Amino acid sequence: MSIYQLKPRFQALLRPTVGRLAAAGVTANQVTVAACAISVALGAWLYAALPGPWAFALVPAWMLLRMAFNAIDGMLAREHGQQSRLGAFLNELTDVLSDAALYAPFALLVPLGGFWVGAFIVAAGLSEFAGALGPSVGASRRYDGPLGKSDRAFVIGALGMYVALDGPLPAASAWLMPLLTALVAWTTVNRVRRALAEAAPTATPPNLP
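How each quantity is defined
- Residues numbered from 1 in each chain as written.
- Predicted model: local features only at pLDDT ≥ 70, side-chain atom pairs only at ≥ 80, totals over all residues.
- Heavy atoms only, no water.
- Core = buried A, V, L, I, M, F, W, Y, C linked by side-chain atoms within 4.5 Å.
- Buried < 20%, exposed > 50% of the residue type's maximum accessible area, 1.4 Å probe, protein only.
- Helix = DSSP H or I, 4+ residues; strand = E, 2+ residues; numbered from the N terminus.
- Contact = heavy atoms within 4.5 Å.
- Axes fitted to C-alpha atoms, helices over the stretch in contact; angles between N-to-C directions.
- Parallel < 35°, antiparallel > 145°, perpendicular 65-115°, else oblique.
- Left-handed = near helix turned anticlockwise from the far one by under 90°.
- Nonpolar A, V, L, I, M, F, W, Y, C, P; charged D, E, K, R; others polar.
- Salt bridge = Lys/Arg side-chain N within 4 Å of Asp/Glu carboxyl O.
- 1 Å grid on protein atoms, 1.4 Å probe; cavity = no way out; pocket = protein on both sides within 12 Å on 5 of 7 lines; lining within 4 Å.
- Points joined across faces, edges and corners; volume = space filled by probe spheres on them.

Caption draft 1: Here's a closer look at the nonpolar core. In this structure, Met 63, Phe 106, Leu 109, Leu 112, Phe 120, Ile 156 and Met 177 are the most contacted members of the largest nonpolar core, which totals 26 residues. For this core, the elements supplying multiple residues, two or more each, are helix H2 (28–49), helix H3 (58–79), helix H4 (85–103), helix H5 (114–132), helix H6 (149–166) and helix H7 (176–199). What Ile 156 contacts, discounting residues up to four positions off in sequence, is Val 59, Met 63, Tyr 103, Phe 106, Phe 120 and Met 177. With 10 residues, the next largest nonpolar core counts Ala 28, Ala 71, Ile 72 and Ala 77 among its residues.

If you want it as structure tokens, here you go:
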């Protein structure tokens, strides 16, 4: 079960707004790039400016808005004839860049630390690439959990809100990032296995002598 499975309901709520944006000439690629730019700017500001624990409340607020941006760009592409090869690249690459930028400031928090936050960022990127590679073996783009993009957004958003409201993290939270990294690694394995299973019935049989 993944939060991603709630996406159709979320899209239904956004559909009227998407129609108005399309009528106004807004493109899917513009929405994709805007979401990435805001994510990178927020992450860089939190990391470099050290504004204080209160600022981490901006992470869950933006994560929610970013989910809307991501749904909107996909709906503009699919439902308003804006699909493009460039858009396919932007959709995958900007998501990985945005996630990395938004996760990076948590490396400054004790006891999370830079190593495991960095490992989490790398694992998250690999899981998205594993999902994106599904079509290359004849499967669909895989969104399997247990810790896909939407699930990670929920967890990191909740962590940001905790930091904003309660300040220092307890010592036991040192295990949080290793646990999340392990769950993302499991996600990657699930995506590879299920992509291979999906593609297997249509795979070309080997040439027999």
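Caption draft 2: Quick peek at the packing of H4 against H5. Relative to each other, H4 and H5 sit at 165°, their axes nearing to 10 Å. Between H4 and H5, the crossing angle belongs to the class labelled roughly antiparallel. For H4 against H5, the interelement crossing comes out right-handed. The segment H4 lies against H5, with Glu 92, Leu 93, Val 96, Ala 100 and Tyr 103 engaging Val 117, Phe 120, Ile 121, Ala 124, Gly 125, Glu 128, Phe 129 and Ala 132. By residue class, the composition of the contact of H4 with H5 is 10 nonpolar, 1 polar and 2 charged.

Caption draft 3: Region of the structure containing the packing of H3 against H6. The geometry of H3 relative to H6 is characterised by a closest axis approach of 8 Å and an angle of 160° between their N-to-C directions. The pairing of H3 with H6 is recorded here as roughly antiparallel in orientation. Here H3 and H6 pass one another in a crossing that is left-handed. Contacts from Val 59, Pro 60, Met 63, Arg 66, Met 67 and Asn 70 of H3 reach H6 at Lys 149, Ser 150, Ala 153, Ile 156, Gly 157, Gly 160 and Met 161. Residues belonging to the contact of H3 with H6 are distributed by class as follows: 7 nonpolar, 4 polar and 2 charged.

Caption draft 4: Representation of the pattern of salt bridges in the model. Per the stated rule, a full pass over the model turns up 12 salt bridges. A salt bridge links Arg 142 to Asp 144, with the nearest nitrogen and oxygen atoms 2.8 Å apart. The exposure class assigned to Arg 142 is buried, which follows from its relative accessible area of 15%. Salt-bridge contacts for Arg 142 lead to Glu 198; the nearest nitrogen and oxygen are separated by 2.7 Å. Of this pair, Arg 142 sits in the loop between H5 and H6 while Glu 198 is found in helix H7, placing the two residues 56 residues apart along the sequence. Overlapping salt bridges, with partners in common, bring together Arg 66, Glu 92, Asp 95, Asp 99, Glu 128, Arg 141, Lys 149, Arg 152 and Arg 191 in one network.

Caption draft 5: Molecular detail of the layout of surface pockets. If you add up the space inside the largest pocket, you get close to 880 Å³. In terms of lining, the largest pocket is formed by 40 residues, of which the most central are Lys 7, Asn 70, Arg 78, Asn 91 and Tyr 143. Looking at the lining of the largest pocket, the elements that each hand over two or more residues are helix H1 (7–23), H2, H3, H4, H5 and H6. Considering each element in turn, the lining of the largest pocket owes the most residues, 9 residues, to H3.

It is worth stressing that arrangement in space is one thing and function is another; only the former is reported here.
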